[in-house]
Amino acid sequence: MLKNNNKAWLYLLPAIVFLGVFMVYPLFDVLIYSFEEGYNFTSQTYHGIGFYNYSYVLRDPYFLQAVKNTFILVIITVPLSTGIALLIALALNSIKRLKDLFHTVFFLPYVTNTLAVGLVFMIMFKKTPYSDGFINVLIKAFGGNAVDFIDGPYWAKMFVMCLYTIWIVMPFKILILTSALASVDDTYYKAAKIDGTGRLRMFTKITLPMISPMLFYLVITGFIGAFKAYSDEVAIFGTDLNSAGMNTIVGYVYDMLYGNSGGYPSYASAAALILFVIVFTITVINLMISRKAVVETR
Amino acid sequence: MKIELKHVTKKFPNRDRKIHEFVVAVSDMTVEIPDGSLVSILGPSGCGKSTALNLISGLEAPTEGWIFFDGEDVTDLPPEKRGIGMVFQSYALYPHLTVMKNIMFPLENLKGDKKLTRAEMKKKVEEVARIVQIDELLFRKPKQMSGGQQQRVAIARALVKRPRVLLLDEPLSNLDARLRIQTREEIRRIQKETGITTVFVTHDQEEAMSISDIIIVMKQGVVYQTGRPQDVYDSPANLFVAKFLGTPPINVLGGEVKDGNLYVGHDKVLPVRLKDNADRRVFVGIRPEGLILAGDDDQYVLHGKVKSIQVMGRDNTIVANHHAMSEGTDLRAIVSASDARSVGDSGNVSFKLDPAKVFLFDREDETRVEFEYTGSVNEADEQSEEEHVEE
Ligand SMILES: Nc1ncnc2c1ncn2[C@@H]1O[C@H](COP(=O)(O)OP(=O)(O)OP(=O)(O)O)[C@@H](O)[C@H]1O
Ligand SMILES: [Mg+2]
């Protein structure tokens with residue numbers, strides 16, 4: 001028995017060492033940094049321990065803007081992308097013949113580089129002295145006024161950002177949901193059909209409960225992913241996100257470390273820990289809800 | 001309700017799309033299922049049993065042919081309008097709903113003037129739960145119940161709308177041996193109690209024989225024989241049906257009718273006469289209970305070499321070799337335990353044949369070849385007649 005136990009630990013050792021070095025240790029390091037006041041990057045010294053870093057970050061308008069951006073992004077993109085992905089997955093599931101083809105088509109953005117997709121988005125939405133961009137040409141064709149989506153008003157930029165985020169996370173969600181839908185045993189539907197169940201009731205009473213574990217998995221990972229958004233913003237608005245007003249929390253952390261005004265690991269750490277607390281809280285709430293709502297399907 | 005299938009054929013496009021030929025799952029099926037009876041569709045895996053059932057339920061539409069319920073053409077009627085209840089092999093109980101909610105599910109679908117109040121629904125659920133004897137379990141989830149209990153819930157759900165027809169697709173195959181026997185008797189009881197016309201699909205011949213009023217034996221989409229279980233067993237229409245029914249299965253040997261006698265290999269086993277009086281080569285099917293240990297003075301005997309004796313309690317099976325049997329197959333005879341003891345574990349054994357348990361089949365199309373037993377039925381007479389023939 002004991003021997004078995006030792007063996008198990010031995011097998012786990014590589015993973016534990018790896019996680020320890022690259023996850024647990026940095027986490028503690030960040031925690032410590034975030035309380036070291038007046039840390040000097042070059043001399044690696046600090047003059048005190050306290051909450052100053054936190055109060056600085058929480059009063060920094062750039063950080064507050066980043067928090068606002070991040071929350072808008074999360075609240076808009078997570079439900080929308082999951083909902084749309086579910087609709088598309090449902091459609092795909094009903095057209096069995098085209099399923100394989102569509103799988104590839106919808107999966108393309110997933111295997112394509114974020115920056116490349118971002119570039120395409122930028123070209124489509126950007127307004128330059130030479131060209132209005134594809135989307136503006138469309139808007140004008142329908143009698144609207146051209147908007148600069150990349151350097152223009154906040155709502156326009158936010159719109160592009162949300163659209164882009166939804167687009168980028170969609171393939172994965174569609175993939176997960178189509179396989180979740182396909183894994184629902186056909187006999188449930190047969191039984192329901194014989195009992196005269198309507199289509200809507202079949203969806204709400206059978207399909208939704210059956211795929212609810214996957215749905216909640218997507219919502220939870222979607223929340224976490226959207227809170228950690230950064231590279232997508234860079235792909236569209238460039239590296240100076242603060243002046244574009246489109247920074248995110250992770251972007252703020254990065255800027256504090258390496259940006260033009262960077263070199264403040266203590267502020268970065270404090271911001272990172274604030275993000276951690278937010279994500280942790282939301283995930284716990286999510287899990288609590290899902291424990292109630294997700295049905296055991298097996 | 002009387003169910004009739006008339007020349008029903010179902011073709012599927014091949015699952016492998018590269019093959020363009022159709023799969024004929026059911027071919028020109030014509031059967032009549034009498035009102036209030038329990039009918040089994042019996043056949044090996046892939047023979048089209050489920051397809052036949054799905055055609056009756058309306059889950060599949062026939063490629064050709066018609067289906068009638070009480071004389072009314074229901075061929076184009078969707079399943080929910082046919083008044084059927086169905087039980088699936090996997091039960092298909094909704095795992096997230098309690099037993100109560102599962103059984104109530106069909107009732108909640110009712111619309112318009114058929115709509116029921118909660119209280120009415122509850123009453124109906126409790127009623128049907130009592131019939132299948134699960135009224136104690138109404139607030140459990142399917143996962144918290146045994147296979148047999150889940151099975152009953154599935155039957156209750158199928159019955160709650162008081163359907164005119166109950167369809168069961170291999171409802172027992174997920175149960176262990178003991179529970180299968182118990183549950184099949186339960187199904188028979190429920191069927192008798194409700195008087196509902198029931199179609200039961202199975203590949204287990206014993207199951208079909210034990211509970212059905214009528215069995216329909218199928219193979220590769222074709223109905224091979226229809227009839228009361230005992231009749232089909234006592235008079236199989238062809239070699240397939242003969243082989244498919246009975247445990248242990250019928251012994252099949254190559255044989256020949258020559259000069260008024262049936263020969264199996266070198267053994268002269270039975271005095272017979274064919275309708276056309278001709279001599280011909282045949283397959284000889286002998287039920288294991290049709291092999292009777294022969295006395296020393298029996299003239300017509302089948303000789304074998306004992307391989308083993310299988311003890312099954314009341315009756316024992318003698319497993320033996322016969323020189324006319326192909327490699328790998330054995331002769332099986334069911335005899336009483338005391339008779340088996342007299343044989344011993346090895347050595348030679350000889351059997352005489354019970355003519356009622358012997359069937360002859362055509363070598364080519366394997367259909368039954370009728371014969372007349374020309375020996376005497378009486379044991380003593382038989383002896384004298386045989387002696388007479390010898391002279
Ligand atoms: N939807 C379908 N598409 C293509 N072929 C099918 C389809 N359904 C059934 N078949 C084929 O039709 C034949 C009969 O199938 P069916 O399911 O009726 O057999 P079964 O007797 O119920 O077998 P089992 O005992 O294994 O359940 C099989 O060859 C099967 O492959
Ligand atoms: Mg089947």
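Residues numbered from 1 in each chain as written. Chains lettered and ligands numbered in written order. Predicted model: local features only at pLDDT ≥ 70, side-chain atom pairs only at ≥ 80, totals over all residues. Heavy atoms only, no water.

Remarks on the domain arrangement of chain B
Residues and elements named next belong to chain B. Applicable threshold: Residue ranges labeled as domains rest on an automatic or database domain assignment. We call two residues in contact whenever any of their non-hydrogen atoms come within 4.5 Å of each other. Summed over both partners, the accessible area (1.4 Å probe) lost when two parts come together is defined as the buried area. Any Lys or Arg side-chain nitrogen located within 4 Å of an Asp or Glu carboxyl oxygen qualifies as a salt bridge. N or O atoms within 3.5 Å of each other form a polar contact, as long as, within protein, one can give a hydrogen and the other can take it, and as long as residues adjacent in sequence are counted only when both atoms are side-chain atoms. Secondary structure is summarised from DSSP: a helix means a run of H or I of at least four residues, a strand means a run of E of at least two, and numbering begins at the N terminus for each. Side-chain classes are defined by residue name, with Ala, Val, Leu, Ile, Met, Phe, Trp, Tyr, Cys and Pro counting as nonpolar, Asp, Glu, Lys and Arg as charged, and the others, Gly among them, as polar.
We note that the domain assignment places domain 1 (3–243) and domain 2 (248–390) within chain B. The C-alpha centroid of domain 2 is placed 39 Å from the C-alpha centroid of domain 1. Counting from both sides, the interface comprises 9 residues of domain 1 and, opposite them, 12 residues of domain 2. Contact between domain 1 and domain 2 buries roughly 960 Å² in total, counting both sides, with carbon and sulfur atoms accounting for 54%. Here domain 1 and domain 2 share 0 salt bridges between them. For the pair domain 1 and domain 2, the interface holds 7 residue pairs in polar contact (both at pLDDT 80 or more). Counting residues per element, the ones that place at least two in the side of domain 1 that touches domain 2 are helix 7 (229–234) and helix 8 (239–244). Ranked by residues supplied to the side of domain 1 that touches domain 2, first place goes to helix 8 with 3 residues. For the side of domain 1 that touches domain 2, the per-class residue count stands at 5 nonpolar, 2 polar and 2 charged.

Overview of the packing of aromatic side chains
Here is the rule: Classification of ring pairs uses Phe, Tyr and Trp, with its six-membered ring standing for Trp, and accepts pairs whose centres are within 6.5 Å; under 30 degrees between planes counts as stacked, over 60 as edge-to-face, and the remaining range as tilted. Each residue is placed in one exposure class: buried if its accessible area under a 1.4 Å probe, protein chains only, is under 20% of its type's maximum, exposed if it is over 50%, and partly exposed if it falls in between. Only lysine NZ and arginine CZ atoms are considered, and such an atom sits over a ring when it is within 6 Å of the ring centre and within 35 degrees of the ring normal.
Enumeration over the complete set of coordinates arrives at 21 aromatic pairs over all chains. The interplanar angle of 45° and the centroid separation of 5.3 Å between the aromatic rings of phenylalanine 35 of chain A and tyrosine 54 of chain A together place this pair among those described as tilted. You can see phenylalanine 35 of chain A sitting in helix 1 (residues 2–35) and its partner tyrosine 54 of chain A sitting in helix 2 (residues 52–59), a full 19 residues away along the chain. Between phenylalanine 276 of chain A and phenylalanine 280 of chain A the ring centres are 5.9 Å apart and the planes differ by 25°, which places this aromatic pair in the stacked class. One end of the pair is phenylalanine 276 of chain A and the other is phenylalanine 280 of chain A, both in helix 13 (residues 265–293) and 4 residues apart, which spans about a single turn. The class for phenylalanine 280 of chain A is exposed, based on a relative accessible area of 51%. Its end group placed over the ring of phenylalanine 68 of chain B, lysine 6 of chain B keeps NZ or CZ at 4.7 Å from the ring centre. For the cation-ring pair, lysine 258 of chain B lies above tyrosine 263 of chain B, with the distance from its terminal atom to the ring centre recorded as 5.3 Å.

Concerning the pairing of strand 16 (residues 302–311) of chain B
Residue and element names in this part refer to chain B. Just so we agree on the cut-off: Paired strands, as defined in this entry, are two strands with at least two bridges between them according to DSSP.
Relative to strand 19 (residues 348–353), strand 16 runs antiparallel, the two sharing 4 bridges. Each bridged residue has a counterpart across the sheet, and for leucine 302 the counterpart in strand 19 is phenylalanine 351. Judged from the 6 bridges that link them, strand 16 and strand 17 (residues 315–321) form a sheet pairing that is antiparallel. Bridging across to strand 17, valine 306 finds its partner in alanine 320. Counting the residues that bridge the hairpin from strand 16 to strand 17 gives 3 residues, and of these glycine 313 lies at a positive phi of roughly 100°.

So, the environment of lysine 192 of chain B
By the element assignment, lysine 192 of chain B lies in helix 5 (residues 177–194). Spatially, the C-alpha atom of lysine 192 of chain B lies 8.6 Å from that of serine 37 of chain B, the residues being 155 residues apart in sequence.

Observations regarding the pairing of strand 4 (residues 64–69) of chain B
Residues and elements named next belong to chain B. With 5 bridges connecting them, strand 1 (residues 3–13) and strand 4 associate as antiparallel partners. Bridge pairing in strand 4 places lysine 6 opposite tryptophan 66. With 2 bridges connecting them, strand 4 and strand 5 (residues 72–73) associate as antiparallel partners. Within strand 5, the residue paired with phenylalanine 69 across the bridge is glutamate 72. Connecting strand 4 to the antiparallel partner strand 5 that follows it, the hairpin turn spans 2 residues, and aspartate 70 within it adopts a positive phi of roughly 50°.

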